[in-house]
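Here's the letter readout for the chains.
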Amino acid sequence: MATLNSGVPQGDLKDKWTQYKDSIDLVNPANKRNIDVIVVGTGLAGGSASATLAELGYNVKTFCYQDSPRRAHSIAAQGGINAAKNYQGDGDSTYRLFYDTIKGGDYRSREANVYRLAEVSTNIIDQCVAQGVPFARDYGGLLDNRSFGGVLVSRTFYAKGQTGQQLLLGAYSAMNRQIARGKIQMHNRHEMLDVVIVDGKARGIIARNLITGEIERHSAHAVVIASGGYGNVYFLSTNAMGSNATAAWKVHKKGAFFANPCYTQIHPTCIPRSGEYQSKLTLMSESLRNDGRIWVPKRMEDVEALREGTLKATEIAEENRDYYLERRYPAFGNLVPRDVASRAAKERCDAGYGVNKTGEAVYLDFSSAITRYGKEQVLLQGEDPNDHNLIKKMGQEVVKSKYGNLFQMYEKIVDENPYENPMMIYPAVHYTMGGIWVDYNLMTTVPGLYAIGEANFSDHGSNRLGASALMQGLADGYFVLPYTIGDYLSNDIRTGPISTDTPEFKESEEKVKDLLKKLVENKGKHSVDYYHKKLGNIMWDKCGMSRNETGLNEAISEIKELRADFWKNVMVPGGLNELNKELEKAGRVADFLELGELFAKDALTRNESCGGHFREEYATKEGEAKRDDKKFNFVSAWEYKGEPSEAKFHKEKLEFENIEVKVRSYK
Amino acid sequence: MNLTLKIWRQKSNTDKGSLETYPISDVSEDMSFLEMLDVLNEELIEKEIEPVAFDHDCREGICGMCSLYINGEAHGPDRRVTTCQLHMRKFNDGDTIFIEPFRANSFPVVKDLVVDRSSFDRIQQAGGYVSVNTSGNTQDANSIPIPKDDADTAFDAATCIGCGACVASCKNSSAMLFVSAKVSQFSLLPQGQVEAKERVINMVNKMDEEGFGNCTNTGACEVECPKGISLDNISRMNREFITANVKK
Ligand SMILES: Cc1cc2nc3c(=O)[nH]c(=O)nc-3n(C[C@H](O)[C@H](O)[C@H](O)COP(=O)(O)OP(=O)(O)OC[C@H]3O[C@@H](n4cnc5c(N)ncnc54)[C@H](O)[C@@H]3O)c2cc1C
Ligand code: SF4
Ligand code: FES
């Protein structure tokens, strides 16, 4: 076991980033023109990085698997983005955002990175407004905020339920400006299938043109992975259908350590599944917990009547409802962090109180908020304060203006009106805190190879707070990487163009071609989805919201078997040299089948419960997570050694110098 | 329910393509349209027939990747939804459903139901941005208050997902709704005004160059637009375009 060096600069926490920026080497503008950077991904992280690096003068080559950079999965983010602006004057500050993020992450993240994130958060909002991002505003024309889980201030900026879309279109527009200037070479519908390492440094990638099937070599002086998270290892998740771990996994196999793979976020408020054919799960933004109250019936007879359809939720009297979050966590109530809210929902459903046919749903109810807003509006507009219909109508209007698109999404999927009946929700896989290990510079264990956004592991510990992923993606891409990568590239000003005509590129290319050929020639008997669904079931049952030793051991052997079966019996129709969506999926599932095993192994070795990682053996009598700071106050980083089960463990010890490590309580 | 699907199959851009018939049974009302196609594809794979290629990603109506012309309507019969949000409860047992790609000269077919919409990206590259570098010292976000109405209208325009349904629905294959959405967003915000004139001219010119047709105010685009982008944006862009040309 080796100890990893995070490269955190010396000095006071508050001054580290400033001092670091003052002391690094810079590349002069003329030299930047001779330096190429590859960015894989056009989400908030990759999009913002590509644009900024191009503005600085580097030649950027950017890749995404969709038909346009604007469609990266970040587009789907709903609720908002955090920033310590303290516009509401409610006591927010850089330190408080830092503190909330470390605490929310259950003391499993790196102090210096998180502080830097909090520090640059305010710049993000300024930058986005300057780009023309239409954030929500109040009647005075100033920016509005809302609250998210796990915090006691209002620091979340938003654009209705489409915050991710607006931020991504901002980054996309910044990219477009550089594409027009020729500073970004955009490769849409391309999938990175390997990283090329020359003399120990990342110097390029192998990508497949998804339309022609051609395998291409691309070189650069540095490679940035911004390919998002691996939640789709569960098959069903709130991620986009194409979200995948391939880029991250391929670099892992080439030497980049993979950190904390078992830290997954199961989001408490998603639309429950409806049948076997289900292809994905849809999130109902956490912002809804600002106004929605979560409950299940207190009495079993009501639950049964609900399932039989003889009783409606609205007919259950107030005193027969169990607002279990408010009951268990009076200080934070419905706004407890996600891991806590998800486990509480599972606890109630496991106890038999689930409100739909599958027994896997709880209510998210807006009636109190509708009444509260309605009364306010009636007063403001001088209408009759006893007119209940009017109150309801006006209240619904307010709720619509805040969450309209989410309510519409719900109605289209479930075919029920959420303004009249409470929503039904259940936890679903949403985000992966684990990812490629990076140091303070966001560089992986391979020199010249960087990882940003959800693809890295760095800022959220074992649980991410709502509205912090967008913040991290844009912080990494706009404000952090452009500095740190310059320090590295300053050594490359005399290198000159990197040739793709080398043995290293050739070898990588051949390996990729062999793998693809093997897949299409296999002519087995099961489709790719057959395997993906099986893997998903293993992951959900044994590596899901709660885990135990027996289950994890089973998961490891079952995934191994499934992987062997996949390579024997998978059927991939179509050819190599054409658009072949099954082939794309096959490659991704092959990687998930390896990652899943490492995931289970990581969960098995972490004998504690922290954040999204809940081990049944390590819980208090009341069912709260029991962390073990003496033994597990570290990051687990895994080095690839052939089989996932043989991965070698490395440790990065976490030091908390500016925060007192406490039991995380939201009571 | 049991359905008959008539689906456009086209091997590649150079292939001619034709409608093929596929029966499908036991379709649940709660399935999304794309889940129904997933089920069909699984059946085809089992029979060793190449599955139908179609674009999709988020499956929640926001990425703009899905398309499909279903029974003569972009994104199918439901209103204000994308194909991925369309559910089978909108159809009846025994229905025949025609599924074709979005058709327009500027959206060439890539394969089956997949089309190339990169012309949209090129229009955005011609001016769909505010020229501001990332410096970390742009002015404070609250230094210019923006009237809520303007911010909200700009937001409404900015919710365009770039799906291309407006083009596919228009008999002239005009991209006016799409282009005007971006032009409007920026023209309503102070940050966008500095470059407003060049922006509208460059984007409109690019749109013409890409071969999109003229707008003859039929309004089909607004009806089929899954995001409810309003025709007001087109009027706003026309005004901007005229003033920009006058002042040039
Ligand atoms: C439904 C939903 C709602 C959310 N809401 C919020 C929210 O309100 N607030 C918040 O802070 N966070 C939210 N999140 C989380 C947040 O959206 C993501 O964590 C974040 O957007 C990830 O951004 P990214 O840039 O790292 O990656 P992504 O946006 O996932 O982008 C990945 C990019 O990599 C490309 N790519 C992937 N693999 C390859 C490959 N092999 N080759 C080439 N290209 C590749 C893709 O094409 C894409 O461009 C939400 C997430 C979901 C699922
Ligand atoms: S205007 Fe509407 S139909 Fe046209 S691209 Fe935008 S969202 Fe799609
Ligand atoms: S798949 Fe994203 S909008 Fe339909």
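The rules behind the values
- For every chain, the first residue of the written sequence is number 1, and numbering continues from 1 along that sequence.
- Working convention: letters from A go to chains and numbers from 1 go to ligands, in the order in which they are written.
- With the structure being a predicted model, the display of local features is reserved for residues of pLDDT at least 70 and the display and counting of side-chain atom pairs for 80 or more, all residues being used for whole-chain, interface and lining totals.
- Side-chain numbers here rest on the full set of heavy atoms in the structure, without hydrogens or water.
- Only DSSP runs of H or I covering at least 4 residues are called helices, and only runs of E covering at least 2 are called strands; the numbering of each starts at the N terminus.
- This radius of gyration counts C-alpha atoms alone. The globule rule is 2.2 Å times how many residues there are, raised to the power 0.38.
- Only protein chains enter the accessibility calculation, which uses a 1.4 Å probe. A residue is then buried if its area is under 20% of the maximum for its type, exposed if over 50%, and partly exposed in between.
- Computed by Shrake-Rupley with a 1.4 Å probe, the accessible areas treat only the displayed protein chains as cover when residues are assessed.
- Consider each residue's heavy atoms; a residue with any of them within 4 Å of a molecule or strand counts as near.
- Pairing of N or O atoms within 3.5 Å defines a polar contact, subject to two protein rules: one partner must be a possible hydrogen donor and the other a possible acceptor, and residues neighboring in sequence count only if both atoms are side-chain atoms.
- Given the number of residues in a helix, its expected span is that number minus one, multiplied by 1.5 Å.
- We call two residues in contact when some of their heavy atoms are within 4.5 Å.
- Accessible area that two parts lose when put together, with a 1.4 Å probe and added across both, is what the buried area reports.
- Salt-bridge detection follows one rule: a side-chain nitrogen of Lys or Arg within 4 Å of a carboxyl oxygen of Asp or Glu.
- Aromatic pairing here means that ring centres of Phe, Tyr or Trp (its six-membered ring) are within 6.5 Å. Orientation follows from the plane angle: under 30 degrees is stacked, over 60 is edge-to-face, and everything else is tilted.
- What makes two strands pair is DSSP finding at least two bridges between them.
- Domain boundaries shown here were taken from an automatic or database domain assignment.
- In plain words, nonpolar cores are sets of buried Ala, Val, Leu, Ile, Met, Phe, Trp, Tyr and Cys residues tied together by side-chain atoms within 4.5 Å.
- Between the N-to-C directions of two axes lies an angle of 0 to 180 degrees, each axis being a line fitted to C-alpha atoms and, for a helix, fitted only over the stretch in contact.

**Student:** Mind showing me how you'd approach the overall build of chain A here?
**Tutor:** Helix and strand counts for chain A come out as 18 helices and 19 strands. Relative to the compact-globule value of 26 Å for 667 residues, chain A shows a C-alpha radius of gyration of 25 Å, a close match. In terms of overall dimensions, chain A has C-alpha extents of about 80 × 60 × 50 Å along its principal axes. Classification of the 667 residues of chain A by burial places 67% in the buried group. Carbon and sulfur atoms make up 47% of the accessible area of chain A, which amounts to about 22600 Å² in all.

**Student:** What am I meant to see in the site of ligand 1 here?
**Tutor:** Residues and elements named next belong to chain A. Lining the immediate surroundings of ligand 1 are 39 residues, of which Gln 66, Ser 74, Gly 79, Met 192 and Glu 454 lie closest. The side chain of Asn 244 places a nitrogen or oxygen atom 3.3 Å from a nitrogen atom of ligand 1. For ligand 1, an oxygen atom lies 3.2 Å from a polar atom in the backbone of Ser 468. Considered on its own, ligand 1 offers 1000 Å² of accessible surface; in the complex 98% of this is hidden by protein. Residue assignment for the shell around ligand 1 shows that the elements contributing at least two residues are helix 3 (44-56), strand 6 (190-198), strand 15 (423-432) and helix 13 (469-489). At three residues, the largest contribution of residues to the shell around ligand 1 is made by strand 6.

**Student:** I keep staring at helix 10 (residues 338-350) of chain A and nothing clicks. Help me out?
**Tutor:** All names here are of chain A. Here helix 10 contains 13 residues, and its C-alpha end-to-end distance of 18 Å stays within 8% of the 18 Å for a straight helix at 1.5 Å per residue. Of all 13 residues in helix 10, 10 are buried, a share of seventy percent or more. Every buried residue of helix 10 is accounted for by Arg 338, Asp 339, Val 340, Ala 341, Ser 342, Arg 343, Ala 344, Ala 345, Arg 348 and Cys 349. Residues of helix 10 that are buried sit in contact with strand 11 (264-270), strand 12 (293-297), strand 13 (321-322), helix 9 (324-328), strand 14 (362-365) and strand 15. In the stretch just after helix 10, Gly 352 is the one whose phi turns positive, near 100°.

**Student:** Is there a simple way to think about the interface of chain A and chain B in this case?
**Tutor:** Interface size is commonly expressed as the accessible area that is lost once the parts come together. Contacts between chain A and chain B engage 76 residues on the former and 72 residues on the latter. Both sides together, the interface formed by chain A and chain B hides about 6200 Å², and carbon and sulfur atoms give 52% of it. Taken together, the links from chain A to chain B amount to nine salt bridges. Asp 78 of chain B serves as the salt-bridge partner of Lys 412 of chain A, at 3.1 Å between the closest nitrogen and oxygen. Counting every contact that joins chain A to chain B gives 44 residue pairs in polar contact (both at pLDDT 80 or more).

**Student:** I keep staring at the packing of aromatic side chains and nothing clicks. Help me out?
**Tutor:** Any two aromatic rings considered together are summarised by their centre-to-centre distance and by the angle between their planes. Residues and elements named next belong to chain A. Going through the model one piece at a time under the given rule, you end up with 35 aromatic pairs over all chains. For the pair Phe 98 and Tyr 115, a centre-to-centre distance of 5.3 Å together with 70° between the ring planes defines the contact as edge-to-face. Of this pair, Phe 98 sits in helix 4 (residues 94-104) while Tyr 115 sits in helix 5 (residues 111-130); the two residues are 17 residues apart in sequence, bridging distant segments of the chain. By relative accessible area, which is 0% here, Phe 98 ends up buried. Residue Tyr 115 is classed as buried on the basis of its relative accessible area, which comes to 8%. On the basis of an interplanar angle of 85° and a centroid distance of 5.4 Å, the ring pair of Tyr 531 and Phe 566 is categorised as edge-to-face. Residue Tyr 531 is located in helix 15 (residues 528-542), and its partner Phe 566 is located in helix 16 (residues 549-569); the two are separated by 35 residues in the primary sequence.

**Student:** Can you help me understand the environment of Gly 374 of chain A in this one?
**Tutor:** All names here are of chain A. Position of Gly 374 among the secondary structure elements: in helix 11 (residues 367-380). By relative accessible area, Gly 374 is classed as buried at 0%. Residues Gly 374 and Gln 396 lie 22 residues apart in sequence; the distance between their C-alpha atoms is 7.3 Å. The contacts of Gly 374, once residues within four sequence positions are left out, are Ile 391, Met 394 and Gly 395.

**Student:** How should I be thinking about the sheet that holds strand 3 (residues 69-70) of chain B in this particular structure?
**Tutor:** Strand pairing in a sheet relies on backbone hydrogen bonds. The paired strands run either parallel or antiparallel. Residues and elements named next belong to chain B. With respect to topology, five strands assemble into an open sheet ordered 2-1-5-3-4, the strand pairing being mixed. A single partner strand is all that each edge strand has here, and the edge strands are strand 2 (18-24) and strand 4 (73-74). The pairing of strand 1 (residues 3-9) with strand 2 spans seven bridges and is classified as antiparallel. Paired with Thr 4 across the strands is Pro 23, a residue of strand 2.

**Student:** For this particular structure, what's the right way to read the domain arrangement of chain A?
**Tutor:** Residue and element names in this part refer to chain A. Splitting chain A by domain gives domain 1 (268-428) and domain 2 (502-630). Between the C-alpha centres of domain 1 and domain 2 the distance comes to 34 Å. Contact with domain 1, which involves 11 residues of that partner, is made by 10 residues of domain 2. Its largest share of buried area at the contact with domain 2, domain 1 owes to Arg 273, Arg 343 and Lys 346, together 47% of the area lost on that side. Put simply, domain 1 and domain 2 have one salt bridge between them. For Glu 624, the salt bridge is made with Arg 328, and the minimal N-O distance between the two is 3.2 Å. Connecting domain 1 to domain 2 are three residue pairs in polar contact (both at pLDDT 80 or more). Of the residues forming the side of domain 1 that touches domain 2, the biggest block, four residues, is contributed by helix 10.

**Student:** Can you walk me through the nonpolar core in this structure?
**Tutor:** In summary, soluble globular proteins display a tendency toward joint burial of nonpolar side chains. In terms of nonpolar packing, the biggest core is built from 205 residues, with Ile 81, Phe 135 and Ile 225 of chain A touching the most fellow members. Not counting residues up to four positions away in its chain, the partners in contact with Ile 225 of chain A are Val 40, Met 192, Ala 247, Val 251, Ile 436, Leu 449, Tyr 450, Ala 451, Ile 452 and Ala 455 of chain A. Grouped together as the second largest cluster of nonpolar side chains are 34 residues, Ile 123, Met 176, Met 203 and Phe 212 of chain B included.

**Student:** Can you walk me through the pairing of strand 8 (residues 215-219) of chain A in this structure?
**Tutor:** Remark: a regular strand shows side chains that alternate across the two faces of the sheet. All names here are of chain A. Burial runs high along strand 8: four of the five residues are buried. Of the pairings in the sheet, the one linking strand 7 (residues 201-209) to strand 8 comprises five bridges and is antiparallel in character. Considered in strand 8, the bridge of Ile 205 is made with His 218. Counting the residues between successive antiparallel strands, the hairpin from strand 7 to strand 8 contains five residues, one of them, Gly 213, with a positive phi of roughly 85°.

**Student:** Where do I start with the side chain of Asp 492 of chain A in this structure?
**Tutor:** Residues and elements named next belong to chain A. Structurally, the position occupied by Asp 492 is in the loop between helix 13 and helix 14 (503-521). At 3.0 Å, the side chain of Asp 492 forms a polar contact with the side chain of Arg 203. If sequence neighbours within four positions are ignored, Asp 492 has contacts with Ile 35, Arg 203 and His 221.

**Student:** How should the sheet that holds strand 19 (residues 648-653) of chain A be read in this particular structure?
**Tutor:** All names here are of chain A. Strand order in this open sheet of four strands is 16-10-18-19, and the pairing throughout is antiparallel. Looking at which strands have only one partner, the edges of the open sheet turn out to be strand 16 (435-436) and strand 19. Looking at chain direction, strand 18 (residues 634-639) and strand 19 are connected through six bridges and run antiparallel. By the bridge assignment, Trp 638 is partnered in strand 19 with Phe 649. Packing against the sheet, helix 17 (residues 581-605) makes contact with strand 10 (258-259) and strand 18, and its axis sits at approximately 145° to strand 18.

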